[in-house]
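# Working through the structure, step by step
Chain residues, written in single-letter form:
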Amino acid sequence: MKKLYSALMTAFNDDGSINEAGTREMIRYNIDVNKVDGLYVGGSTGENFNMSHEQKEQVFKIAIDEAKNDVDLIAQVGSLDLNESKYLAKFVTDLGYPHISAVTPFYYNYTFEQIKDYYNEIVKDVDNELIIYSIPVLTGVSLSLDQFAELFENPKIIGIKYTNADFFLLERVRNRFPDKLILSGFDEMLLPALALGVDGAIGSTYNLNAKRAKAEMNAFDAGDIDKARQLQKDSNDLISALIANDIYPSLKLVFKELGVNAGVTKKPMAQPTSEMIAGAKKIYNDYLK
Ligand code: NGF
């Protein structure tokens, strides 16, 4: 059974502090209404890379406290500070997170040996399993098939969150590592990723669009490709509109239309403008009502 995860968003107040009540509302919406299989906590959509260390801890605590054992949880602990990653890997493992994930280290153009050392260090002292977070479009770091193979030599490294439009590489990875977990990261490319045999998907737009994405997965599994294509087209109409309206603040504004207090994004992310608010209302009316 393929699994669908929402990339959990963080509700912020205008001053950049965390709005705990709003963050809990989004978690509940994902569990109770979206009925997702899991949450990816502390990823790009969660604005993890905008946060202080204390805020990262706060979000990890809120998410597991609210979600309890209702859904699967993956904690993204990757950081430019390897010591912080190691600390957070232990922190979330002690809190009870069943999986960790870590973005490829970025900014300094690390060599592959350095990247490999980073992953091995993160998992070394924790009794947990790690999913590599590969997102070349934001990190500039692309791993090759052989480099994934080297990382998988560590048995604690069990899979990839694959946010990459390189489907040739995805096919190569899927076939070389049939037992590894591969979760697709680009929501607008779910169908081709399913065709290549991914185990599920993690994404930002599933916060609003999980039911359609689940229906697409089910149609695909049932062999009804025409239906899956139609559902992907409907999802992509929504995703295109969200991207055109600035995706992260818009996801929060549309959440508000659904009665969920998602707060705002944290600066320097864009703050809502009147055009953006009008755009979000239109997105809600056109695609989600
Ligand atoms: O937001 C991005 C940036 N990608 C997400 C997802 O792959 C990563 C994707 O859902 C993520 O959500 C996380 O780590 O929290 C896109 O927002 C979506 O496909 C629209 O392009 O690439």
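Residues numbered from 1 in each chain as written. Predicted model: local features only at pLDDT ≥ 70, side-chain atom pairs only at ≥ 80, totals over all residues. Heavy atoms only, no water.

This brings us to the environment of glutamate 150. Topologically, glutamate 150 is positioned in helix H6 (residues 145-151). Glutamate 150 sits in the partly exposed class, given a relative accessible area of 27%. In sequence terms glutamate 150 and glutamate 113 are 37 residues apart; their C-alpha atoms lie 9.9 Å from each other. The residues contacting glutamate 150, other than those within four sequence positions of it, are Phe112, Glu113 and Lys116. (Helix = DSSP H or I, 4+ residues; strand = E, 2+ residues; numbered from the N terminus. Buried < 20%, exposed > 50% of the residue type's maximum accessible area, 1.4 Å probe, protein only. Contact = heavy atoms within 4.5 Å.)

Going through the model one piece at a time under the given rule, you end up with 20 salt bridges. Salt-bridge contacts for aspartate 221 lead to lysine 2; the nearest nitrogen and oxygen are separated by 2.6 Å. Placement of the pair is aspartate 221 in helix H9 (residues 206-221) and lysine 2 in the segment before strand E1 (3-7), with a sequence separation of 219 residues. Note on aspartate 221: relative accessible area 42%, which makes it partly exposed. The buried category is assigned to lysine 2, whose relative accessible area is 19%. Measuring nitrogen to oxygen at the nearest pair gives 2.8 Å for the salt bridge that ties glutamate 66 to arginine 24. Residue glutamate 66 is found in helix H2 (residues 53-67), and its partner arginine 24 is found in helix H1 (residues 20-34); the two are separated by 42 residues along the sequence. Considered together, glutamate 66 and arginine 24 belong to a single accessibility category, that of buried residues. Counted as one network, the salt bridges with shared partners bring together Glu20, Arg24, Arg28, Asp32, Asp65, Glu66 and Asp70. (Salt bridge = Lys/Arg side-chain N within 4 Å of Asp/Glu carboxyl O.)

Within this model, the largest pocket holds a volume of roughly 380 Å³. As for the largest pocket, its lining consists of 23 residues, of which Thr163, Gly185, Phe186, Ser204 and Tyr248 are closest to the centre. Class assignment for the residues of the lining of the largest pocket results in 12 nonpolar, eight polar and three charged. Roughly 210 Å³ of volume is contained in the second largest pocket. Taken together, 13 residues form the lining of the second largest pocket, with Ser44, Phe49, Asn50, Leu138 and Met269 sitting closest to its centre. Class assignment of the residues belonging to the lining of the second largest pocket gives a composition of eight nonpolar, four polar and one charged. (1 Å grid on protein atoms, 1.4 Å probe; cavity = no way out; pocket = protein on both sides within 12 Å on 5 of 7 lines; lining within 4 Å. Points joined across faces, edges and corners; volume = space filled by probe spheres on them. Nonpolar A, V, L, I, M, F, W, Y, C, P; charged D, E, K, R; others polar.)

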